[in-house]
Amino acid sequence: METAFASFCEDRLTYQQRRIVQLILRGNSNYAIGQILSVTEGTVKLHRQNIYKRLNISSQRELFAMFVEQLLPPLPPEAR
């Protein structure tokens, strides 16, 4: 799982953004993420907006779906 977190969108997100994504995917609130990273909740919200923009998504649900999709093996052509 740690490998999946580390490699998730590594070509599209900064190191700090990937750390925030990992904390989001682990179920942390913006407030909790701020406490963990020693930044304000507002800073976390700004990072989250930038993450969503870079990934062309608009919700936490979409972020989870992207991560789960990365974990699943590709479907064989006959199953598509």
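Residues numbered from 1 in each chain as written. Predicted model: local features only at pLDDT ≥ 70, side-chain atom pairs only at ≥ 80, totals over all residues. Heavy atoms only, no water.

Peer 1: Mind showing me how you'd approach the overall build of the chain here?
Peer 2: The secondary structure content of the chain amounts to five helices and zero strands. The order of α-helices and β-strands along the chain, N terminus first, is α-α-α-α-α. C-alpha atoms of the chain, sized along the principal axes, occupy 50 × 25 × 20 Å. Counting every position in the chain, which comprises 80 residues, the buried fraction comes to 30%. In the chain, the proportion of contacts linking residues at least 24 apart, taken out of those at least 6 apart, comes to 51%. Carbon and sulfur atoms provide 53% of the accessible area of the chain, an area that totals close to 5,400 Å². Taken together, the 10 basic and 7 acidic charged side chains of the chain have centroids lying 8 Å from each other. (Helix = DSSP H or I, 4+ residues; strand = E, 2+ residues; numbered from the N terminus. Buried < 20%, exposed > 50% of the residue type's maximum accessible area, 1.4 Å probe, protein only. Contact = heavy atoms within 4.5 Å. Areas by Shrake-Rupley, 256 points an atom, 1.4 Å probe, with all protein chains shown as cover. Lys, Arg positive; Asp, Glu negative; His and termini not counted. Charge placed at Lys NZ, Arg CZ, Asp CG, Glu CD.)

Peer 1: Is there a simple way to think about unusual backbone geometry in this case?
Peer 2: Glycine aside, residues mostly have negative phi, and peptide bonds are mostly found in the trans state. Even without a glycine there, the phi angle at Cys9 is positive, about 55°. As for its placement among the helices and strands, Cys9 is situated in the loop between α1 (2-7) and α2 (15-25). We note that Asn56 has phi near 60°; this positive angle belongs to a residue other than glycine. Locating Asn56 in the fold gives a position in the loop between α4 (41-55) and α5 (60-71). We classify Asn56 as exposed; its relative accessible area is 70%.

Peer 1: Help me understand the nonpolar core, please; the structure alone is not making it clear to me.
Peer 2: It is characteristic of soluble globular proteins that their nonpolar side chains tend to be buried jointly. Ranked by size, the top nonpolar core spans 18 residues in total, and within it Val21, Ile33, Ile51, Leu55 and Leu63 carry the most contacts. For this core, the elements supplying multiple residues, two or more each, are α2, α3 (30-37), α4 and α5. With five residues, α2 is the largest single contributor of residues to this core. Contacts of Leu55, omitting those with residues within four sequence positions, involve Cys9, Arg12, Leu13, Leu63 and Met66. (Core = buried A, V, L, I, M, F, W, Y, C linked by side-chain atoms within 4.5 Å.)

Peer 1: Before we go on, may I ask you to explain α4 in this structure?
Peer 2: Note that an α-helix has 3.6 residues per turn; residues three or four places apart therefore point the same way. Between its first and last C-alpha, α4 extends 21 Å over 15 residues, near the 21 Å set by a 1.5 Å rise per residue. Along α4, the positions that sit buried rather than exposed are Val44, Arg48, Ile51, Tyr52 and Leu55. The buried side chains of α4 occupy one side of the element, clustering within an arc of 95° when seen end-on. Facing away from the buried surface of α4 by more than 90 degrees, the exposed residues are Gln49 and Lys53. Residues of α4 that are buried make contact with α2, α3 and α5. Looking one or two residues beyond α4, the residue adopting positive phi is Asn56, at roughly 60°. (Expected span 1.5 Å × (residues − 1). Arc of directions from axis to C-beta.)

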